[in-house]
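Fold and contact review
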Amino acid sequence: MQDRRRLLLIMNPKSGVMLAPKYMAKIIERFSNAGYLTQVLMTTARGDAREFAHRYGGESDVVVVSGGDGTLNEVIDGLISGGFHTPIGYIPSGSTNDFANSIGLPKYIFDCVDTVIEGRPQKVDIGSFNGRYFSYVASFGAFTSVTYSVPQNLKNIFGHAAYVMGGITELANLKPIHARITADPGTPDEKVVEGDYVLGAICNSRSVGGILNLEKLDVDMNDGLMEVLLIKMPRDIIALNDIAISTLGGSFKSNQIESFSARDLTIQIDKDVHWTLDGEYEEGSGVCEIHTLESAITMII
């Protein structure tokens, strides 16, 4: 009997509306019929996915993630920190799934399973934030805390709408965050911007939070660069309206918005300003070093 390929399935059973665990037997059956010997590990707490990937990722021919962007983030962190180059398959089952949308994965579970079986490998850049890895966004300011502050039970019930509802409540609490951003320091392309912002996002994605569409920024997820989006503190309601129209429409053509690309960034910011990495909480730091790791992972698409 021909040796079967080893597949590690890391599943977050609480992700999104919790559909994937209901179909686990059928998912494993499809992988088995395709010649895989499947090992399933279920997460029960934050950090489990990273630990599983770090401990067992090097023993597998492919690691498949069933969960949201936060679970994928942990698996990527675990694989890279373990020095593994194992291809990653993704069955997105979160509430937003920005990363999955950006790399063109299907929306239905079994179509994603078929993608793992029949798809092709694609190199993708990864970001590093003070040594912690992120797959598609590091952000601060308005709306960024919604991803980790909305209770899981609301995410499970309302899905993406829970994020929108949480974001609306932040509109009344917009506060300026002063930041100095040095892009590609020490190179001929060095650029420094400084100001008061309500949102800063360093992205390798075509959408953020399922709300900001970055398609018009011509995002390439494997060019060794991150897209930087900075939204200034609006002076009045007219400026706020200008920002809303520009960002929700995806044009970003507003003098209230700065956008550019960079490989490396040094961000000086109040240490009490917290960040989110792929929707997960990250404690603030007075100086944040962000680097692009070109072609750091292989996704099956």
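Provided above is the structure to which this section pertains.
Because the structure is a prediction, the values reported are computed rather than measured. (Residues numbered from 1 in each chain as written. Predicted model: local features only at pLDDT ≥ 70, side-chain atom pairs only at ≥ 80, totals over all residues. Heavy atoms only, no water.)

1. Concerning the packing of helix α1 (residues 24–33) against helix α5 (residues 109–118)
It is at 10 Å that the axes of α1 and α5 come closest, and there the two elements cross at 25°. In terms of orientation, α1 lies roughly parallel with respect to α5. Handedness of the α1/α5 crossing: right-handed. Contacts between α1 and α5 involve K26, I27, R30 and F31 from the first element and I109, F110, V113, D114, V116 and I117 from the second. Considering only residue class, the contact of α1 with α5 consists of 7 nonpolar, no polar and 3 charged. (Axes fitted to C-alpha atoms, helices over the stretch in contact; angles between N-to-C directions. Helix = DSSP H or I, 4+ residues; strand = E, 2+ residues; numbered from the N terminus. Parallel < 35°, antiparallel > 145°, perpendicular 65-115°, else oblique. Left-handed = near helix turned anticlockwise from the far one by under 90°. Contact = heavy atoms within 4.5 Å. Nonpolar A, V, L, I, M, F, W, Y, C, P; charged D, E, K, R; others polar.)

2. Topic: the packing of aromatic side chains
Evaluation of the coordinates by the stated rule reveals 4 aromatic pairs. Judged by centre distance (5.6 Å) and plane angle (70°), the ring pair of Y23 and F110 falls under edge-to-face. With Y23 in the loop between β1 (5–11) and α1 and F110 in helix α5, this residue pair connects regions lying 87 residues apart in the sequence. Taken together, the aromatic side chains of F129, F140 and W275 make up a single cluster linked through ring pairs. (Phe/Tyr/Trp six-rings, centres within 6.5 Å; stacked < 30°, edge-to-face > 60°.)

3. Concerning helix α3 (residues 69–81)
Compared with an ideal rise of 1.5 Å per residue, which puts 13 residues at 18 Å, α3 spans 18 Å between its outermost C-alpha atoms and is within 8% of the ideal. Extensive coverage of α3 is indicated by the burial of 12 of its 13 residues. Within α3, burial applies to D69, G70, T71, L72, N73, E74, V75, I76, D77, G78, L79 and I80. With its phi angle positive at about 75°, G83 sits one or two positions after the end of α3. (Expected span 1.5 Å × (residues − 1). Buried < 20%, exposed > 50% of the residue type's maximum accessible area, 1.4 Å probe, protein only.)

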